[in-house]
Amino acid sequence: MGPAPMLGYDAERKLVQHINALQTRGFAPTRRAVRKIAFNLAEAMGVKHNFNKAKGIAGADWLKSFMRRNNSLSIRKAQGLSNARAEGMNKKECNEYFELLLKTLTEHDLINKPGSIWNVDESGLQLNNEPGIVVAKKGTDVHVRQSTERGETVTVVACANAEGTFLPPFCIFKGVKKQQVWQESMPSGAAIEMRKESAYIDENIFMKWFRDHFLPRKPAGKCLLLLDGHGSHTNSPDILECASSNDVVLLCLPSHTTQYLQPLDRSFFKPLKAHYRHAAGEWGNANPGKKLERRHFGELLGQAWSKSATVRLGVSGFRACGVYPFKPTAIADDAFLATTDYDSPPSDQESNYDDEGPLPSTSSDPSTAPSTSKEVTTIIVTPIKDSPIEDRLPCRGKPTPTKLLLEVSPIPTPVSKKPSSRKQSAQVLTSPEVMADKTKKRLALVERKKKTEEKKLTKGETAEENK
């Protein structure tokens, strides 16, 4: 009912396709960008419109009507994605990872043993009560008291299996001496480790977590431990040797893919941080003027951990990543940004109609039509009788909406950089080949450091003699 769209039905349909194409490349347009594209398209097509020519933009009312007519589109909050992650999360890497995962699960008879499939990862929590969304008076600046400008970071190592069982948290503080009062308020079974340089994990701390925290709690028999390619997890031959001798298979995820392939990233850390911020906010309101210190961290972590480390969230992470049940198709196509050139849809074949109906075929004898090896699907489109005649006429030599859209709004083509030498593909770290390679690299590194120290010592002796 009512008048036809300003751009026409066919052009609007092509505009929807164009927006989808922009999204698949990682360049989803804003509402204002869509309004500018619509104005430029209307100008290029030469159609009559009431858009704002002074500003070169379609109206907000037009956008609302456009969104109502095309309910496949919606207003969404976009999430930032680095170029490295956009390039790293590709179907080739994913397919190779799932092939290796299936081979590993089958080889070690773990395909139906969710209690023996684990994932470990770490994330940072801040010793601060960060403000969130609040209710306040309209038209005013809102301030929320914080215990400090910038809170100290505490690293929390989490580990769960496909049955939804979580190990107690393993926390890393910056410093040398640990105080017993910090441990008293921690969740049951939690451990605290100190690192002098920073609160971030390194090889020695990961080894201690693995040897003292994971191995005593793992079930008997073979286990699979999924982890990312951080150097603290993958570079130490001692860790790989310890895992291999204790029936633990370490499978490293491909670089820049953990946002989709790591179970804890998919289901656990976001709720954990949300519950922790809520607990810290309540602590700040109950203790105005006081500073959030290390002795308070365990209590806040305990509140957040009890609400986040649940069977439901643990199981859902492995399911969403296609690990258990094993299902590579659990990773939706939306996870992969297009990297090939934009393929234009067939030019206006859908609107091949004149005033009375479909145009006659150019070949009346089916036998003269060229044959192809692919099955041909005939699409019959019913013309919209209420649309303007111009929208239902065939495109006879004039530029099509698709071509005009590519002119007024070109689809960016990211420049693919040469893969970094540090790029980590999926691999079984405890395989003999990988362990031998890691040992060889570690020995070479030790030798280089030894030569560097010898050169420094020689230079120092020479300078001393010259004096």
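Rules of the game
Residues numbered from 1 in each chain as written. Predicted model: local features only at pLDDT ≥ 70, side-chain atom pairs only at ≥ 80, totals over all residues. Heavy atoms only, no water. Phe/Tyr/Trp six-rings, centres within 6.5 Å; stacked < 30°, edge-to-face > 60°. Buried < 20%, exposed > 50% of the residue type's maximum accessible area, 1.4 Å probe, protein only. Helix = DSSP H or I, 4+ residues; strand = E, 2+ residues; numbered from the N terminus. pLDDT = per-residue confidence, 0-100. Contact = heavy atoms within 4.5 Å. Arc of directions from axis to C-beta. Core = buried A, V, L, I, M, F, W, Y, C linked by side-chain atoms within 4.5 Å. Patch = residues over 30% accessible without salt bridge, like charges linked within 9 Å, V, L, I, M, F, W, Y side chains within 5 Å. Areas by Shrake-Rupley, 256 points an atom, 1.4 Å probe, with all protein chains shown as cover. Salt bridge = Lys/Arg side-chain N within 4 Å of Asp/Glu carboxyl O. Pairing = 2+ DSSP bridges. Axes fitted to C-alpha atoms, helices over the stretch in contact; angles between N-to-C directions. Expected span 1.5 Å × (residues − 1).

The next subject is the packing of aromatic side chains. Scanning the model with the defined rule gives 16 aromatic pairs in all. Where Trp209 meets Phe214, the ring centres are 5.5 Å apart and the plane angle is 25 degrees; that geometry is what we call stacked. A relative accessible area of 1% places Phe214 in the buried class. Judged by centre distance (5.6 Å) and plane angle (25 degrees), the ring pair of Phe210 and Phe214 falls under stacked. Of the two residues, Phe210 and Phe214 are both situated in helix α7 (residues 203–214); the distance of 4 residues between them amounts to about one turn of the helix. The same class applies to Phe210 as to Phe214, namely buried.

Before going further, it helps to spend a moment on the confidence of the model for the chain. Across the chain, pLDDT averages 82, with 83% of residues at or above 70. In this model residues 340–396 is a low-confidence stretch, pLDDT under 50, and it forms 62 contacts with partners more than four residues away in sequence or in other chains.

The topology assignment puts Thr104 in helix α5 (residues 91–107). The class of Thr104 is buried, set by a relative accessible area of 4%. When near neighbours in sequence (up to four residues on either side) are disregarded, Thr104 contacts Leu224, Val249 and Val428.

Of the residues making up helix α16 (residues 401–408), those classed as buried are Pro401, Thr402, Leu404 and Leu405. On an axial view of α16, the arc spanned by its buried residues comes to 165 degrees, and they lie on one face. Of the residues in α16, the exposed ones pointing more than 90 degrees away from the buried face are Lys403 and Glu407. Looking at the buried side of α16, the elements it contacts are α1 (9–24) and α2 (31–45).

Side chains of a nonpolar character, in soluble globular proteins, are inclined to be buried together. Core analysis: the largest hydrophobic core is formed by 29 residues, its most contacted members being Trp209, Phe210, Phe214, Leu225 and Leu250. The set of elements that each furnish at least two residues to this core consists of β1 (117–126), β2 (153–161), β3 (170–174), α7, β5 (223–227), α9 (237–245), β6 (248–252) and α17 (432–466). Those residues in contact with Phe214 that lie beyond four places of it in its chain are Trp118, Cys159, Leu167, Trp209, Leu225 and Val248. Of all hydrophobic cores here, the second largest spans 28 residues; its members include Val156, Phe173, Phe297 and Leu301.

Once that is clear, we can look at a nonpolar patch on the surface. On the surface, Val134, Val142 and Val144 cluster together to form a nonpolar patch covering roughly 210 Å² of accessible area. For Val134, the location among the structural elements is in the loop between β1 and β2. Residue class for Val134 comes out partly exposed when judged on its relative accessible area of 44%.

So, on to the sheet that holds β1. Strands pair in a sheet through their backbones, by hydrogen bonds, and they do so in one of two ways: parallel or antiparallel. The strand order across the open sheet built from 7 strands is β4-β3-β2-β1-β5-β6-β7, with neighbouring strands paired in mixed fashion. Two strands lie at the open edges of the sheet, namely β4 (191–195) and β7 (427–428), each paired on one side alone. Pairing of β5 with β6 involves 5 bridges; the strand directions are parallel. If you follow Leu226 over to β6, its bridge partner there is Leu251. This element, α7, spans β1, β2, β3, β4, β5 and β6 of the sheet and lies at about 160 degrees to β4.

Before going further, it helps to spend a moment on helix α12 (residues 269–286). Counted at 1.5 Å a residue, the expected span for α12 with its 18 residues is 26 Å, and the 26 Å between its end C-alpha atoms agrees. Among the residues of α12, Phe269, Leu272, Tyr276, Ala279, Ala280, Trp283 and Gly284 are the ones counted as buried. Down the axis of α12, the sector holding all buried residues measures 140 degrees, keeping them to one side. Across α12 from its buried face, at more than 90 degrees, point the exposed residues Lys270 and Asn285. Buried positions along α12 lie against β1, β2, α11 (263–267) and α13 (294–308).

Another aspect to go through is the pairing of β6. Along β6, 5 of the 5 residues are buried, which leaves the element largely enclosed by surrounding structure. A two-sided burial pattern is seen for β6, the buried positions comprising Val248, Leu250 and Cys252 on one face and Val249 and Leu251 on the other. Inspection of the sheet shows β6 paired to β7 by 2 bridges, in the antiparallel sense. The residue bridging Leu251 from the neighbouring strand is Val428, located in β7.

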